[in-house]
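# What the coordinates show
What follows is the residue order along each chain.
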Amino acid sequence: MNIKSGQVREALLPVGLESFSFHQTPVLVIENFWSAEERAQFRQAMNRANWNQLQDMSYVRQDFPNSGNWAKAEIAQPQGQLLLSRLEMPCIQQYIESFPNITRRHLGFSYYSYGVGDCLLTHDDTDQGRPVGGKPAPRRRLAVVSYFHEEWECDWGGELMIYSATGEPTNGKPDLAITHCIAPNPGSLVMFTVPRFHRVCRVDQTAGDHKRLSIAGWFMTEHA
Ligand SMILES: O=C(O)CCC(=O)C(=O)O
Ligand SMILES: [Fe+2]
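Predicted model only: the values in this text are computed from it and were never measured.

## A few points about the side chain of Ser67
Take Ser67: it is sitting in the loop between helix 2 (58–63) and strand 4 (71–74). Under the relative-accessibility criterion, Ser67 is labelled buried at 1%. Excluding its chain neighbours within four sequence positions, the residues that come into contact with Ser67 are Leu54, Gly117, Asp118, Cys119, Leu120, Leu121 and Arg202.

Below, the structure written as structure tokens:
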């Protein structure tokens, strides 16, 4: 397993995951987190899922205009369990538990499929949570995304861009600088702290029928 800090200039992390801290390094990329066999199993589960297209999901469509027509499906329970068991990492727990006065912890993960023309415009993952039962939406603390397609070429686009907000917003728009450009390499796991501006670059025509298959979601906390 290669552990990368995910900088544009890729640097191997000098330390192992045991001493990794999201407080010090808010973006983590682990290449080859999933084996080819595991990826194939996830893809089989994705084939059995009930997919919804972006243009048929009115709530999500409002949040993500001009983002093509990617599809989303609920993650199946065995795959959710497998994902969670692999995410039992001290660095995740330590980060989540560092927030004071937590009343409950939540998780939410879904399958996504991006084809040619699909993208996700710049967002920071804070606005899309919906209130549940009159209570405010849980706060998204740590974003997780992992890629399950068989292959992905640079020319196909679909990179995950991560930004830092520099200076004051102009005309309500944040002033952003790219900190990470992450290729959706098969089997990679990406995690970053929220809020953090990011976007998924549009999948290029050159991808043909290839789909950018991912699981994405969040570790969340609820507060009184
Ligand atoms: O697919 C990705 O690389 C990121 C997805 C994302 O940002 C999201 O679903 O909020
Ligand atoms: Fe996001």
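There's more to say after this.
## Here's the deal with the site of ligand 1
The environment of ligand 1 is formed by Leu120, His123, Asp125, Val145, Tyr147, Leu160, His198, Val200, Arg212 and Trp218. Contact distances for ligand 1 include 2.8 Å between an oxygen atom and a side-chain N or O atom of Arg212. About the coverage of ligand 1: the protein hides 95% of its 300 Å² of free accessible area. The pocket occupied by ligand 1, as judged from atoms lying within 2 Å of grid points, is the largest pocket.

## A few points about the coordination of the iron ion (ligand 2)
Taken together, the protein donors to the iron ion (ligand 2) comprise His123 (NE2), Asp125 (OD) and His198 (NE2), at separations of 2.0 to 2.3 Å. Site description for the iron ion (ligand 2): donor spacing in sequence, H-x1-D-x72-H.

## Looking at the packing of aromatic side chains
Scanning the entire structure with this criterion turns up 13 aromatic pairs. Seen in terms of ring centroids, Phe20 and Phe22 are 4.9 Å apart; in terms of plane orientation they differ by 85 degrees. Their pairing is edge-to-face. Like Phe22, Phe20 is buried. One aromatic cluster in this structure is built from Phe20, Phe22, Tyr95 and Phe99. A cation over a ring is seen here: Arg86 above Trp34, with NZ or CZ 4.8 Å from the ring centre.

## Things to note about helix 1 (residues 36–48)
In this model helix 1 runs 19 Å from its N-terminal to its C-terminal C-alpha over 13 residues, within 8% of the 18 Å that 1.5 Å per residue would give. For helix 1, the complete set of buried residues consists of Glu38, Arg39, Phe42, Arg43, Ala45 and Met46. For helix 1, the buried positions fall inside an angular range of 160 degrees around the axis, keeping them on one side. Residues of helix 1 that are exposed and angled more than 90 degrees away from the buried face: Glu37, Asn47 and Arg48.

## Focus on the pattern of salt bridges
Using the criterion set out here, one finds three salt bridges in the structure. The closest approach of N and O atoms between Glu150 and Arg43, which form a salt bridge, is 3.9 Å. Placement of the pair is Glu150 in the loop between strand 7 (139–147) and strand 8 (160–165) and Arg43 in helix 1, with a sequence separation of 107 residues. For Glu150, a relative accessible area of 59% gives the class exposed. We note a salt bridge from Glu97 to Arg105, for which the minimum N-O separation is 2.7 Å. Classification of Arg105 as partly exposed rests on a relative accessible area of 48%.

Reading guide: rules and limits
- Residues numbered from 1 in each chain as written.
- Chains lettered and ligands numbered in written order.
- Predicted model: local features only at pLDDT ≥ 70, side-chain atom pairs only at ≥ 80, totals over all residues.
- Heavy atoms only, no water.
- Helix = DSSP H or I, 4+ residues; strand = E, 2+ residues; numbered from the N terminus.
- Buried < 20%, exposed > 50% of the residue type's maximum accessible area, 1.4 Å probe, protein only.
- Contact = heavy atoms within 4.5 Å.
- Near = heavy atom within 4 Å.
- Polar contact = N/O pair within 3.5 Å; in protein donor to acceptor, adjacent residues only side chain to side chain.
- Areas by Shrake-Rupley, 256 points an atom, 1.4 Å probe, with all protein chains shown as cover.
- 1 Å grid on protein atoms, 1.4 Å probe; cavity = no way out; pocket = protein on both sides within 12 Å on 5 of 7 lines; lining within 4 Å.
- Sits in = over half its atoms within 2 Å of the grid points.
- Donors = N, O, S within 2.8 Å, 3.2 Å for Na, K, Ca; no water.
- Phe/Tyr/Trp six-rings, centres within 6.5 Å; stacked < 30°, edge-to-face > 60°.
- Lys NZ or Arg CZ within 6 Å of the ring centre and 35° of its normal.
- Expected span 1.5 Å × (residues − 1).
- Arc of directions from axis to C-beta.
- Salt bridge = Lys/Arg side-chain N within 4 Å of Asp/Glu carboxyl O.

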